[in-house]
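# Fold and geometry: a report
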Amino acid sequence: MTCKNGQTQETSRGLNSSDIFDQSERLGRFQDSSRINGIEQVRPNQANCSTQDNSRRRNKHGDTTAGKILERLKRLEDKHILHLKSHQNLLKSQFEQVKEEEEDFRKEVQELEEEIYNLVSSEGKSQSASEERIEDS
């Protein structure tokens, strides 16, 4: 609709009657509806559907044989096992390093405990010696 001199006028939408058939052909066709579990379904006609995804049927590696698939599977397995082995070796070396650090820590703690014990026992001896001197005086 357009407004001309304060009056509303009907305008055409530019749709020609000859274009109607061409446009409906481009929309595609529908197969007869079917009922599944009481629900009516409408599906596009697959023969005329140009947007259908056929990628599931095609293999991205082209024509492959069982031997080629097994070869790819073996390469994948070898690659993954190699990755796991390298990770395992890394973990083993880290574990050995941690064990060494633990041993060093325990040795250091044991030496400190011995020093503390020796210090306490020498202080005990010096206190008792000084107490004896005080008593003797």
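## Some thoughts on the overall build of the chain
- The helix and strand tally for the chain stands at 2 helices and 4 strands.
- Moving toward the C terminus, one meets the helices and strands of the chain in the order β-β-α-β-β-α.
- For the chain, the accessible area works out to roughly 13,700 Å², and carbon and sulfur atoms hold 51% of it.

## Structural notes on the confidence of the model for the chain
- Taken over all residues, the pLDDT of the chain has a mean of 75, while the share at 70 or more is 53%.
- The element-level mean pLDDT for the chain is lowest in helix α1 (residues 19-26), coming to 52, with helix α2 (residues 66-136) highest at 92.

## Side note on a negative patch on the surface
- A surface patch of negative charge is lined by Glu-96, Glu-100, Glu-101, Glu-103, Asp-104, Glu-108, Glu-111, Glu-113, Glu-114 and Glu-115.
- Considering the arrangement of structural elements, one finds Glu-114 in helix α2.

## Quick look at a nonpolar patch on the surface
- Taken together, the side chains of Leu-70, Leu-73 and Leu-76 make up a nonpolar region of the molecular surface, amounting to roughly 330 Å² of accessible area.
- Residue position: Leu-76 is located in helix α2.
- By relative accessible area, which is 55% here, Leu-76 ends up exposed.

## Some words on the pattern of salt bridges
- Counted according to the given criterion, the structure contains 4 salt bridges.
- In this structure, Lys-74 engages Glu-77 in a salt bridge whose closest nitrogen and oxygen atoms are separated by 3.7 Å. Taken as a pair, Lys-74 and Glu-77 lie in helix α2 at a separation of 3 residues, close to a single helical turn.
- Judged by relative accessible area, which is 42%, Glu-77 ranks as partly exposed.

Cut-off values and rules
- Residues numbered from 1 in each chain as written.
- Predicted model: local features only at pLDDT ≥ 70, side-chain atom pairs only at ≥ 80, totals over all residues.
- Heavy atoms only, no water.
- Helix = DSSP H or I, 4+ residues; strand = E, 2+ residues; numbered from the N terminus.
- Areas by Shrake-Rupley, 256 points an atom, 1.4 Å probe, with all protein chains shown as cover.
- pLDDT = per-residue confidence, 0-100.
- Patch = residues over 30% accessible without salt bridge, like charges linked within 9 Å, V, L, I, M, F, W, Y side chains within 5 Å.
- Salt bridge = Lys/Arg side-chain N within 4 Å of Asp/Glu carboxyl O.
- Lys, Arg positive; Asp, Glu negative; His and termini not counted.
- Charge placed at Lys NZ, Arg CZ, Asp CG, Glu CD.
- Buried < 20%, exposed > 50% of the residue type's maximum accessible area, 1.4 Å probe, protein only.

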